[in-house]
Amino acid sequence: MEGNMRILSLKEIEDSCVYNIFFEYNKTFKYQDYWNEKCYYISMEDMLLLEPYMDKVFINFDYYGPNKVEISDWNKVKELYLAENTDEDGFFEFIDKWLENRPAGNSYFWILGP
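Everything quoted here is computed from the prediction, not taken from an experiment.

Participant: Can you walk me through the nonpolar core in this structure?
Facilitator: For soluble globular proteins, the rule of thumb is that nonpolar side chains tend to be buried together. Membership of the largest hydrophobic core comes to 27 residues, with the highest contact counts inside it found for Leu 50, Met 54, Trp 74, Phe 91, Phe 109 and Ile 111. If you list the elements that add at least two residues to this core, you get strand 2 (18-22), helix 1 (44-57), helix 2 (71-84), helix 3 (91-99) and strand 5 (108-112). In terms of residue count, the dominant contributor to this core is helix 1 (6 residues). What Trp 74 contacts, discounting residues up to four positions off in sequence, is Leu 50, Met 54, Phe 58, Val 69, Phe 91, Phe 92, Ile 95, Leu 99, Phe 109 and Ile 111. Among the nonpolar cores identified, the runner-up in size contains 9 residues, and Val 18, Tyr 41, Tyr 108 and Leu 112 belong to it.

Next up, the structure:
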């Protein structure tokens, strides 16, 4: 498998087929609320690389909707992925660093499909 996945900022997005990662989800949010500088994004191509590992950890992951992701489960995905993809550099480190800034008491983050 290929390594070197990337986390994208809003200005790096080339099309709308991306997965948003963010700390808070609210059903009353509008589509545009997830297109801002506070969100980060995973490309469709990179999510396809993660999919086999996501499917091992999450029974009902909705690739086209909102998903509350416990950090402990995300760490399992990371461990599975890195066991087979030792050349990955930066993707998981970026998310780990980003998670250090999560709201106090949160043991989760959100992934919203395209």
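Past the structure itself, the notes keep going.
Participant: So what exactly am I meant to see when it comes to the pairing of strand 4 (residues 66-70) here?
Facilitator: Across a regular strand the side chains alternate sides, sitting on one face of the sheet and then on the other. Side chains of strand 4 alternate between two faces, with Asn 67 and Val 69 buried and Pro 66, Lys 68 and Glu 70 left unburied. Of the pairings in the sheet, the one linking strand 4 to strand 5 comprises 5 bridges and is antiparallel in character. Note that in strand 5 the partner of Asn 67 across the bridge is Ile 111.

Participant: Got a minute to help me understand the layout of surface pockets in this structure?
Facilitator: Empty space among the atoms can be located by rolling a probe the size of a water molecule over them. Here the largest pocket defines a volume of roughly 230 Å³. What lines the largest pocket is a set of 13 residues, among which Arg 6, Leu 8, Glu 14, Ser 43 and Glu 45 lie closest to the centre. Among the elements that line the lining of the largest pocket, the one with the most residues is helix 1, at 3 residues.

Participant: Would you mind showing me how to read the sheet that holds strand 3 (residues 40-43) here?
Facilitator: Through backbone hydrogen bonds, the strands of a sheet pair up, either in parallel or in antiparallel fashion. Reading across the sheet, the 5 strands line up as 1-3-2-5-4 and stay open at both edges, with antiparallel pairing between neighbours. Only two strands of the sheet have a single partner each, and these edge strands are strand 1 (7-8) and strand 4. Strand contacts of helix 2: strand 4 and strand 5, with the helix running at about 85 degrees to strand 4, the strand carrying the most contacts.

Participant: How do you make sense of the pattern of salt bridges when you look at a structure like this?
Facilitator: Two side chains carrying opposite charge are able to pair once their charged atoms lie near each other. With the rule as written, the count across this model stands at 4 salt bridges. In this structure, Lys 97 and Glu 100 form a salt bridge, with 3.9 Å as the shortest nitrogen-oxygen distance. The residues Lys 97 and Glu 100 share a single accessibility class, namely exposed.

Participant: Hey, could you run me through the environment of Asp 46 in this one?
Facilitator: Relative to the helices and strands, Asp 46 resides in helix 1. When its relative accessible area of 12% is taken as the criterion, Asp 46 is described as buried. Within the local environment of Asp 46, its side chain forms a polar contact with the backbone nitrogen of Arg 6, the two atoms lying 2.9 Å apart.

Participant: Would you mind going over the packing of aromatic side chains with me for this structure?
Facilitator: When we look at a pair of aromatic rings, we describe it by the centre distance and by the angle of the planes. Applying the stated criterion across every chain, the model contains 10 aromatic pairs. Taking the centre distance of 5.2 Å and the plane angle of 80 degrees together, the rings of Tyr 53 and Tyr 81 count as edge-to-face. Taken together, the residues Tyr 53 in helix 1 and Tyr 81 in helix 2 connect sequence positions 28 residues apart. As far as the burial class goes, Tyr 53 and Tyr 81 line up, both buried. Geometrically, the ring pair formed by Phe 91 and Phe 92 is edge-to-face, given 5.0 Å between the ring centres and 90 degrees between the ring planes.

Thresholds, definitions, all that
Residues numbered from 1 in each chain as written. Predicted model: local features only at pLDDT ≥ 70, side-chain atom pairs only at ≥ 80, totals over all residues. Heavy atoms only, no water. Core = buried A, V, L, I, M, F, W, Y, C linked by side-chain atoms within 4.5 Å. Buried < 20%, exposed > 50% of the residue type's maximum accessible area, 1.4 Å probe, protein only. Helix = DSSP H or I, 4+ residues; strand = E, 2+ residues; numbered from the N terminus. Contact = heavy atoms within 4.5 Å. Pairing = 2+ DSSP bridges. 1 Å grid on protein atoms, 1.4 Å probe; cavity = no way out; pocket = protein on both sides within 12 Å on 5 of 7 lines; lining within 4 Å. Points joined across faces, edges and corners; volume = space filled by probe spheres on them. Axes fitted to C-alpha atoms, helices over the stretch in contact; angles between N-to-C directions. Salt bridge = Lys/Arg side-chain N within 4 Å of Asp/Glu carboxyl O. Polar contact = N/O pair within 3.5 Å; in protein donor to acceptor, adjacent residues only side chain to side chain. Phe/Tyr/Trp six-rings, centres within 6.5 Å; stacked < 30°, edge-to-face > 60°.

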